[in-house]
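Structural features, examined
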Amino acid sequence: MGLNMNEEEMIQGCFSRGEGGGFQIPMKLVVVGYALTSKKTKSFLQPKLEGLARNKGILFVAIDQNRPLSEQGPFDIVLHKLTGKEWRQILELLALSSTMNHDPISEVEASRFQQERNFHLPWAIYLIYSEDYRQTHPEVTVLDPPDAIQHVHNRQSMLQDVADLNLSDSYGKVGVPKQLVVKRDASSIPDAVTKAGLTLPLVAKPLVADGSAKSHELSLAYDQYSLRKLEPPLVLQEFVNHGGVLFKVYIVGEAIKVVRRFSLPDVTKRELSKNAGVFRFPRVSCAAASADDADLDPCVGELPPRPLLERLARELRRRLGLRLFNLDIIREHGTRDRFYVIDINYFPGYGKMPEYEHIFTDFLLSLAESNYKRRSGSNS
């Protein structure tokens, strides 16, 4: 069975807009199914969000991983984010489907495939990601498509769209640091760095960015010899001095919210000549490192121009095919308008974003209203 009787009674009706074009509480209940890790559920589904959502006619429903997806819902929107291990299993099952000319695989076939590889992925969770589910349930918006997420789970491809965009206008220029991908053989890194023309110090990041604690670990390598101590697969980025502050740009649909976070301090030429080795940092830009209330030099703390961020977000939404992500952006120290995107994260920690409850619920309502209008238009 799906929703309970009280919830079913609330699912009749349609959307309306209030005066001035703002969203009123919809007559139709918006049902949001979610498949999140326990950690993500705790950080995202905070009481204030759930309370505001209820007042706006939005119901969050946990997807039962042990029941068929067809017996749950009906959902208007599905939110999802899994652990790195579950995500890898999803990709292998999707790859199996692609070898069958994209014909949907059966639960029996998937079960046999998983047993061979010692997988333990619930069938209901796999279905969320399958092309077959999205085709047979066009009324459900899945946030976000798995192929788009995979693109930003790999730091080799993650920043390519930013580089290809080569955004430059009167408000500033946005690029990416020069980088090198090393998939194996740490002993070859010094020669590869020299050949690629990268300048020390270098930031080393795991190649896979799956949201795990390990994927957020950073290392700063000061000399050629210490590069051999790094552990591939990884991405090496030239370290750009940025005043020790980065800008987290949260994107929720068309909404943008920017916060300041403390980051790695600048490295002077003198420090570079005196220091050697690899310095490891478990996580740099966490919420505890907020710099919003700090007394910063305006040249360091001034937010990137809003029009520049809006154009960047609009282009990346289109190119990446994502609606829920954030950008880590730095300003090159000593400049006002030279910015670098150094990381992109899918479905980041929105619970750390100021006013996220209002921004996110408005986003869900706008999505549901768009879906309703689209279905109404196709049925007329």
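Note that the structure is a prediction, hence the values are computed from the model and not measured.

1. Remarks on the overall build of the protein
- Assigned secondary structure in the protein consists of 15 helices and 15 strands.
- Taking all 380 residues of the protein together, the buried fraction comes to 50%.
- Partitioning the intrachain contacts of the protein with sequence separation of at least 6 by distance along the chain shows that 73% fall at a separation of at least 24.

2. Details of the side chain of glutamine 72
- Mapped onto the elements of the fold, glutamine 72 is located in the loop between strand S2 (58-62) and strand S3 (77-81).
- The class of glutamine 72 is buried, set by a relative accessible area of 10%.

3. What about the environment of alanine 313?
- Mapped onto the fold, alanine 313 is located in helix H14 (residues 306-320).
- Given a relative accessible area of 1%, alanine 313 falls into the buried group.
- Separated by 12 residues in sequence, alanine 313 and phenylalanine 325 have C-alpha atoms that sit 9.7 Å apart.

4. Some words on the sheet that holds S2
- The strand order across the open sheet formed by 4 strands is S2-S1-S3-S4, and the pairing between neighbours is parallel. Only two strands of the sheet have a single partner each, and these edge strands are S2 and strand S4 (141-143). On average, adjacent strands in this sheet sit at an angle of 20° to one another, irrespective of strand direction.
- Here S3 pairs with S4 via 3 bridges, running parallel. Bridge pairing in S4 places leucine 79 opposite leucine 143.

5. Some thoughts on the pattern of salt bridges
- Tallying each qualifying case throughout the model produces 13 salt bridges.
- Residue glutamate 355 pairs with lysine 257 through a salt bridge whose shortest N-O separation is 3.2 Å. With a gap of 98 residues between them, glutamate 355 in the loop between strand S15 (338-346) and helix H15 (356-379) and lysine 257 in strand S12 (residues 255-262) connect regions that are remote in the sequence.
- Judged by its relative accessible area of 22%, lysine 257 is partly exposed.
- Across the pair glutamate 302 and arginine 336 runs a salt bridge, and its minimum N-O distance is 3.0 Å.

6. Regarding the nonpolar core
- Core analysis: the largest hydrophobic core is formed by 59 residues, its most contacted members being Phe44, Phe60, Leu79, Leu324, Ile344 and Tyr350.
- In terms of residues, this core owes the most to one element, H15, which gives 8 residues.
- Residues within four places of tyrosine 350 in sequence aside, it is in contact with Phe44, Tyr250, Ile251, Val252, Leu324, Phe325, Tyr356 and Phe360.
- Listed in part, the 18 residues of the second largest apolar core include Leu29, Ala35, Ile125 and Tyr126.

7. Digging into the sheet that holds strand S10 (residues 234-238)
- Strand order in this open sheet of 5 strands is S7-S10-S8-S9-S13, and the pairing throughout is antiparallel. Whereas interior strands pair on both sides, the edge strands pair on one side only; in this sheet they are strand S7 (179-182) and strand S13 (278-281). The average undirected angle you get between the axes of adjacent strands in this sheet is 25°.
- As judged from the 5 bridges shared by strand S8 (residues 202-206) and S10, these two strands associate in the antiparallel manner. Opposite alanine 204, over in S10, you have leucine 236 as the bridge partner.
- Across the sheet, helix H11 (residues 189-196) lies against S7, S8 and S10, angled at about 150° from S7, the strand it touches most.

8. Let's talk about empty space enclosed by the protein
- Summed over the entire model, instances satisfying the criterion amount to 3 cavities of 30 Å³ or more.
- Size it by volume and the second largest cavity reaches roughly 40 Å³.
- Of the residues that constitute the lining of the second largest cavity, the class distribution is 2 nonpolar, 5 polar and 2 charged.

9. Overview of the confidence of the model for the protein
- Per-residue confidence for the protein averages 84 on the pLDDT scale, and 80% of its residues sit at or above 70.
- Below a pLDDT of 50 lies the segment residues 9-21, which in the model reaches 29 contacts outside its immediate sequence neighbourhood of four places, other chains included.

10. Structural notes on the layout of surface pockets
- The computed volume of the second largest pocket comes to approximately 380 Å³.
- Lining the second largest pocket are 21 residues, and of these Lys205, Pro206, Lys214, Glu217 and Glu231 lie nearest its centre.
- At the level of secondary structure, the elements contributing two or more residues to the lining of the second largest pocket comprise S8, strand S9 (218-221) and S13.
- No other element matches S8, which puts 3 residues into the lining of the second largest pocket.
- Per-class residue counts for the lining of the second largest pocket are 11 nonpolar, 3 polar and 7 charged.

11. As for the packing of aromatic side chains
- All chains considered together, the criterion is met by 11 aromatic pairs.
- Relative to phenylalanine 360, the ring of phenylalanine 44 has its centre 4.9 Å away and its plane inclined at 70°; by these criteria the two rings are edge-to-face. Highlighted residues: phenylalanine 44 in helix H2 (residues 38-44) and phenylalanine 360 in helix H15, separated in sequence by 316 residues. Of the two residues examined, phenylalanine 44 and phenylalanine 360, each falls in the buried class.
- An aromatic cluster of three or more residues is present, and its members are Phe44, Phe60, Tyr250, Tyr346, Phe347, Tyr350, Tyr356, Phe360 and Phe363.

Conventions we followed
- Residues numbered from 1 in each chain as written.
- Predicted model: local features only at pLDDT ≥ 70, side-chain atom pairs only at ≥ 80, totals over all residues.
- Heavy atoms only, no water.
- Helix = DSSP H or I, 4+ residues; strand = E, 2+ residues; numbered from the N terminus.
- Buried < 20%, exposed > 50% of the residue type's maximum accessible area, 1.4 Å probe, protein only.
- Contact = heavy atoms within 4.5 Å.
- Pairing = 2+ DSSP bridges.
- Axes fitted to C-alpha atoms, helices over the stretch in contact; angles between N-to-C directions.
- Salt bridge = Lys/Arg side-chain N within 4 Å of Asp/Glu carboxyl O.
- Core = buried A, V, L, I, M, F, W, Y, C linked by side-chain atoms within 4.5 Å.
- 1 Å grid on protein atoms, 1.4 Å probe; cavity = no way out; pocket = protein on both sides within 12 Å on 5 of 7 lines; lining within 4 Å.
- Points joined across faces, edges and corners; volume = space filled by probe spheres on them.
- Nonpolar A, V, L, I, M, F, W, Y, C, P; charged D, E, K, R; others polar.
- pLDDT = per-residue confidence, 0-100.
- Phe/Tyr/Trp six-rings, centres within 6.5 Å; stacked < 30°, edge-to-face > 60°.

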